[in-house]
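What follows is the residue order along each chain.
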Amino acid sequence: MDKVRVSAVSYTNTLPFLNGIRQSAVLDQIELSLDNPSVCAQKVIDDKADLGIIPIAALLSLPQAHIITDYCIGTEGAVDSVFIFSHKPIEEIQTLYLDQQSRTSNGLARVLLKHHWKRQVKLVANIDEADAYVLIGDRTFGKKYEVPYVYDLGLTWKEFTGLPFAFAVWVSKKLLPEAFITSFNEALKLGVSHPEAVIPGLPEYKDFDYHHYLTSSLNYHLTAKKREAIERYLTLLKGLDT
Ligand SMILES: C=C(O[C@@H]1C=C(C(=O)O)C=C[C@H]1O)C(=O)O
């Protein structure tokens, strides 16, 4: 079998998965690249990767997608790395700047603004012109104490729907061999069973607790409730364009 080209997210949230993969024999069967989430999605869409952990928003562009593992980048509430940061209270914002590295959270911000906060905002191409902006991943670490108004989108989704959330799932366009899928899933299982193992050596951020982030804020299990959340989110996202 040719090596399976895998695109994984280059953020701290994915390190537990990578740790499991690196301890597994499946490592020899893959060619790994690390990309921001938007690029992960594009690589799978363009057949430049066979498997990726891709933003769920991109599932709308991948009708033939197979979600192939029991794991995701998810949360049961506050995720602590997906935010709308704002100069004003959310009730007053008129303009929003989206994160160029994100697909899911950009959509989530738009869904929540419309349906939860009942706001109509204009998307702007320049962050300096925006009342508020979406930011995801490591670039948010420690920043929530520096910005006047901060909205955690995992928490807001939970308040809106009562559901947990999955931001990204492992997806292939073509069905991969069963034996490979089993080994890959086992490797991920190993990695997420000790998420705190990746902490030593990570850069420190003021006011940011990796242990809490990796073991409590993030939740890697793709449960039935998270699958329900994905369906709900995709329906709401599709409705935004009509
Ligand atoms: C929790 C996160 O989940 C992510 C958010 C994504 C998105 O908005 O498209 C995609 C993958 C994940 O990295 C995060 O990046 O902080």
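Source: prediction; values computed, not measured. (Residues numbered from 1 in each chain as written. Predicted model: local features only at pLDDT ≥ 70, side-chain atom pairs only at ≥ 80, totals over all residues. Heavy atoms only, no water.)

Undergrad: A description of the environment of Gly 20 should follow, citing residues and the corresponding values.
TA: Relative to the elements of secondary structure, Gly 20 occurs in helix H1 (residues 15-22). What makes Gly 20 buried here is its relative accessible area of 0%. Between the C-alpha atoms of Gly 20 and Thr 140, which are 120 residues apart in sequence, the distance is 25 Å. Once residues within four sequence positions are removed from consideration, Gly 20 is found in contact with Ala 187, Leu 190 and Gly 191. (Helix = DSSP H or I, 4+ residues; strand = E, 2+ residues; numbered from the N terminus. Buried < 20%, exposed > 50% of the residue type's maximum accessible area, 1.4 Å probe, protein only. Contact = heavy atoms within 4.5 Å.)

Undergrad: Outline the sheet that holds strand E11 (residues 219-221), listing residues and values.
TA: As summarised here, the arrangement of the 6 strands in space is E2-E1-E3-E10-E4-E11, forming an open sheet in which the pairing is mixed. Edge strands, defined here as strands with exactly one partner in the open sheet, are strand E2 (30-35) and E11. With strand direction ignored, the average angle separating the axes of adjacent strands in the sheet is 25°. In this structure, strand E1 (residues 4-9) lies alongside strand E3 (residues 51-55), joined through 2 bridges in parallel fashion. Its bridge partner lying in E3, Ser 7 is registered against Gly 52. Relative to E3, helix H2 (residues 37-45) is tilted by about 130°, and along the sheet it contacts E1, E2, E3 and strand E10 (165-172). (Pairing = 2+ DSSP bridges. Axes fitted to C-alpha atoms, helices over the stretch in contact; angles between N-to-C directions.)

Undergrad: Now, about the packing of helix H4 (residues 153-161) against helix H7 (residues 224-240): what can you tell me, with residues and values included?
TA: At their nearest, the axes of H4 and H7 sit 13 Å apart, and the two run at 90° to each other. With respect to H7, the element H4 is oriented roughly perpendicular. Residue-level contacts link Trp 157, Phe 160 and Thr 161 of H4 to Ala 229, Arg 232, Tyr 233 and Leu 236 of H7. Of the residues belonging to the contact of H4 with H7, the class tally is 5 nonpolar, 1 polar and 1 charged. (Parallel < 35°, antiparallel > 145°, perpendicular 65-115°, else oblique. Nonpolar A, V, L, I, M, F, W, Y, C, P; charged D, E, K, R; others polar.)

Undergrad: Please provide a residue-by-residue account of the site of the ligand, values included.
TA: Taken together, 18 residues are adjacent to the ligand, and Ser 81, Ser 102, Arg 103, Thr 104 and Ser 105 come closest. A distance of 2.6 Å separates an oxygen atom of the ligand from a polar side-chain atom of Ser 105. Here the ligand, which alone exposes 380 Å², has 100% of that area covered by the protein. Of the residues in the shell around the ligand, the class split is 11 nonpolar, 6 polar and 1 charged. Mapping the shell around the ligand onto the domain boundaries places at least three of its residues in each of domain 1 (4-75 + 164-225) and domain 2 (82-161). (Near = heavy atom within 4 Å. Polar contact = N/O pair within 3.5 Å; in protein donor to acceptor, adjacent residues only side chain to side chain. Areas by Shrake-Rupley, 256 points an atom, 1.4 Å probe, with all protein chains shown as cover. Domains from an automatic or database assignment.)

Undergrad: Run through the packing of aromatic side chains, naming residues and quoting values.
TA: Under the defined criterion, the tally for this structure stands at 18 aromatic pairs. Aromatic side chains Phe 17 and Tyr 220 sit 5.1 Å apart centroid to centroid with 70° between the ring planes, which places their arrangement in the edge-to-face category. Here the residue Phe 17 occupies a position in helix H1, and Tyr 220 occupies one in strand E11, the gap between them amounting to 203 residues. Relative accessible area serves as the criterion here: at 4%, Tyr 220 is assigned to the buried category. Here Trp 157 and Phe 165 contribute two aromatic rings whose centre-to-centre distance is 5.1 Å and whose plane-to-plane angle is 55°, an arrangement assigned as tilted. Each member of the pair, Trp 157 together with Phe 165, is buried. Three or more aromatic residues joined by ring pairs make a cluster, and in this case those are Phe 17, Trp 170, Phe 180, Phe 184 and Tyr 220. Cation over ring: Lys 143 sits above Phe 85, and NZ or CZ is 5.8 Å from the ring centre. (Phe/Tyr/Trp six-rings, centres within 6.5 Å; stacked < 30°, edge-to-face > 60°. Lys NZ or Arg CZ within 6 Å of the ring centre and 35° of its normal.)

Undergrad: Give a description of the domain arrangement of the protein chain that names residues and reports values.
TA: When cut into domains, the protein chain gives domain 1 (4-75 + 164-225) and domain 2 (82-161). The straight-line distance from the C-alpha centre of domain 1 to that of domain 2 is 24 Å. Between domain 1 and domain 2, the residue contacts involve 23 residues of the former and 18 residues of the latter. Buried surface at the junction of domain 1 and domain 2, both sides included, amounts to about 1600 Å², of which 63% is carbon and sulfur. On the domain 1 side of the interface with domain 2, the three residues burying the most area are Tyr 11, Phe 165 and Phe 167, jointly 33% of the side's total. Connecting domain 1 to domain 2 are 0 salt bridges. Seen at the junction of domain 1 and domain 2, the total is 7 residue pairs in polar contact (both at pLDDT 80 or more). Of all the secondary structure elements, the ones that give two or more residues to the side of domain 1 that touches domain 2 are H2, E10 and helix H6 (210-217). (Buried area = accessible area lost by both parts, 1.4 Å probe. Salt bridge = Lys/Arg side-chain N within 4 Å of Asp/Glu carboxyl O.)

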